[in-house]
Amino acid sequence: MNKKLRSFIIIFLFIITVSPAILHAQATRVWVSEYGDNANPCSRTAPCRTFAGAITKVAAGGEISVLDHGEFGALSITKSIIISGDGVLAGITTTGNGISINGNNIAVTLRNLSLLFTGTGNTASGINYINGSTVTIENCTIQNFPTGIKAGLSADGLLTVKNTNVRSTFQGSVGISVNTSAGLIKANIDRAELNDSIGVVASGNSVAVVSNSIISHCFVGIQAQNNGVASLQNCILNINDVAISVKDAESVVRLSNGSFFDNTTVLRGAGKVFSAGNNCFAGSPFNLLMPLYIVEQQ
């Protein structure tokens, strides 16, 4: 056999051996199923079993889709990705973090997922946003975690939460927590339902805008601290021990068109609360414990 023919055969064998793995790694859409196997290529006809198995075979910016009801395991995300459980019960039951997000300049979207904590520790988060450009959470249910959604960054970031329920019976639980040690993190929370020890905490150079949401049966509904800003519009805060807590002079809460019903205390703290003058307060047996600044509507 001459050298050219032998070289050709070697190259050909290398291509047919390696190319399937390359193709699978570069897929823009992969699938998981209760009946899948992580040894599969994660195609629709040969799906993977877990999110962790599927993410190794999807290209950055691609999507993991769920074929049927099932539990698909906790996941660490380091690249841009969409995970979609549209139309099925796409579950993650865990004793630790449900989903961790940690990648430079990545964009992550999580849709229609159900996360459940069954552990005993007090440090786990349903979704733990450590690093990344943007994280979007839509139509998700996050239950019984010490922290439902945690955005604890060291740089700029953007968190968007839509149509999502966060609830926990865990003592000291926080529904959504946002802060950054450098830069600014912005959180847009719309049409959420929160039932935790503390509903939303905005701290450490964060701006949290909460709209069209219901926050109830919490020890504290909204808490701003350590230079945090929280703006509420069209929200209902009812049957909380404290509806609004502004813990320090550097923190601010803004209120517009809110309904505050049957809270033990409406406002508490050392910071400032600005109202558009169109809020409704009713059913609270105690007076406000801090001044409410009325700002003129434009």
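Since the structure is predicted, the reported quantities are computational estimates derived from the model, not experimental observations. (Residues numbered from 1 in each chain as written. Predicted model: local features only at pLDDT ≥ 70, side-chain atom pairs only at ≥ 80, totals over all residues. Heavy atoms only, no water.)

A.B. asks: An account of the nonpolar core is needed here, citing residue identities and associated values.
C.D. replies: Counting 69 residues, the largest nonpolar core has Ile77, Leu159 and Ile244 as its most contacted members. Counting five residues, the second-largest nonpolar core is a separate cluster that includes Ile198, Val201, Val220 and Val242. (Core = buried A, V, L, I, M, F, W, Y, C linked by side-chain atoms within 4.5 Å. Buried < 20%, exposed > 50% of the residue type's maximum accessible area, 1.4 Å probe, protein only.)

A.B. asks: Residue-level account of empty space enclosed by the protein, with values.
C.D. replies: If you walk through the whole model with that rule in mind, you get one cavity of 30 Å³ or more. In this structure, the largest cavity encloses a volume near 30 Å³. Forming the walls of the largest cavity are Leu232, Cys235, Leu237, Leu255, Ser256, Gly258, Phe260 and Asn279. Taken together, the residues that form the lining of the largest cavity break down as five nonpolar, three polar and no charged. (1 Å grid on protein atoms, 1.4 Å probe; cavity = no way out; pocket = protein on both sides within 12 Å on 5 of 7 lines; lining within 4 Å. Points joined across faces, edges and corners; volume = space filled by probe spheres on them. Nonpolar A, V, L, I, M, F, W, Y, C, P; charged D, E, K, R; others polar.)

A.B. asks: Any details on the state of the cysteines? Residues and values, ideally.
C.D. replies: Applying the stated criterion across every chain, the model contains one disulfide. Across the disulfide from Cys42 sits Cys48; the S-S distance is 1.7 Å. Handedness here is read from the sign of the S-S torsion; for Cys42 and Cys48, about -70 degrees, the answer is left-handed. Assigned by exposure class, Cys42 and Cys48 land together as buried. (Disulfide = S-S within 2.5 Å.)

A.B. asks: Residue-level account of the confidence of the model for the chain, with values.
C.D. replies: Summing up the model confidence of the chain, the mean pLDDT is 91 and the portion of residues at 70 or higher is 88%. Long-range and interchain partners of residues 18-25, a stretch whose pLDDT sits below 50, account for seven contacts in this model, where long-range means more than four residues apart. (pLDDT = per-residue confidence, 0-100. Contact = heavy atoms within 4.5 Å.)

A.B. asks: Residue-level account of the sheet that holds strand β3 (residues 70-71), with values.
C.D. replies: Ordered in space as β3-β6-β9-β12-β15-β18-β21-β24-β27-β30, the ten strands form an open sheet in which the pairing is parallel. Strands at the two margins of the open sheet, each flanked by one partner only, are β3 and β30 (280-282). Bridge count for strand β6 (residues 90-94) against strand β9 (residues 113-117) is five bridges, and the pairing is parallel. Its bridge partner being in β9, Thr93 is matched across the sheet by Leu116. (Pairing = 2+ DSSP bridges. Helix = DSSP H or I, 4+ residues; strand = E, 2+ residues; numbered from the N terminus.)

A.B. asks: Break down the packing of aromatic side chains for me, with residues and values.
C.D. replies: Overall, the coordinates contain four aromatic pairs when judged by the stated rule. Note on Phe117 and Phe145: the rings are 5.3 Å apart at their centroids and 40 degrees apart in plane angle, and the pair reads as tilted. With Phe117 in strand β9 and Phe145 in the loop between β12 (141-143) and β13 (147-153), this residue pair connects regions lying 28 residues apart in the sequence. Across the pair, Phe145 and Phe117 agree in class, each one buried. Relative to Phe170, the ring of Phe117 has its centre 6.2 Å away and its plane inclined at 65 degrees; by these criteria the two rings are edge-to-face. With Phe117 in strand β9 and Phe170 in the loop between β15 (165-167) and β16 (174-180), this pair connects stretches of sequence that are 53 residues apart. For Phe117, a relative accessible area of 5% translates into the label buried. Put simply, the rings of Phe117, Phe145 and Phe170 touch in pairs and so form one group of aromatic residues. For Arg44, the ring lying beneath its charged end belongs to Trp31, and the centroid distance is 5.2 Å. (Phe/Tyr/Trp six-rings, centres within 6.5 Å; stacked < 30°, edge-to-face > 60°. Lys NZ or Arg CZ within 6 Å of the ring centre and 35° of its normal.)

A.B. asks: Any details on the pattern of salt bridges? Residues and values, ideally.
C.D. replies: Within this structure, the stated rule accounts for five salt bridges. Residue Asp190 pairs with Arg191 through a salt bridge whose shortest N-O separation is 2.8 Å. (Salt bridge = Lys/Arg side-chain N within 4 Å of Asp/Glu carboxyl O.)

A.B. asks: For the environment of Thr45, give the residues involved together with the corresponding values.
C.D. replies: One can find Thr45 in the loop between β1 (27-32) and α2 (51-55). Using a relative accessible area of 79% as the deciding quantity, one classes Thr45 as exposed. C-alpha separation for the pair Thr45 and Trp31, spaced 14 residues apart in sequence, amounts to 8.6 Å.

A.B. asks: How would you explain the sheet that holds strand β4 (residues 75-77) if you had to name every residue and give the values?
C.D. replies: Here nine strands make up an open sheet; going across it, the order is β4-β7-β10-β13-β16-β19-β22-β25-β28 and the pairing parallel. On the outer flanks of this sheet lie β4 and β28 (265-269), each paired with one strand and no other. Neighbour-to-neighbour, the strand axes of the sheet open up by a mean angle of 10 degrees, direction not taken into account. As judged from the six bridges shared by β13 and β16, these two strands associate in the parallel manner. Looking across to β16, one finds that Ala151 is bridged to Val178. (Axes fitted to C-alpha atoms, helices over the stretch in contact; angles between N-to-C directions.)

A.B. asks: Hey, could you go over the layout of surface pockets for me, with residue numbers and the actual values?
C.D. replies: There is about 150 Å³ of room inside the largest pocket. Together, eleven residues line the largest pocket, and Ser231, Leu232, Arg254, Leu255 and Ser256 are the ones closest to its centre. Elements represented by at least two residues in the lining of the largest pocket include exactly β23 (229-233), β26 (252-256) and β29 (272-275). Counted by class, the lining of the largest pocket contains six nonpolar, four polar and one charged residues.

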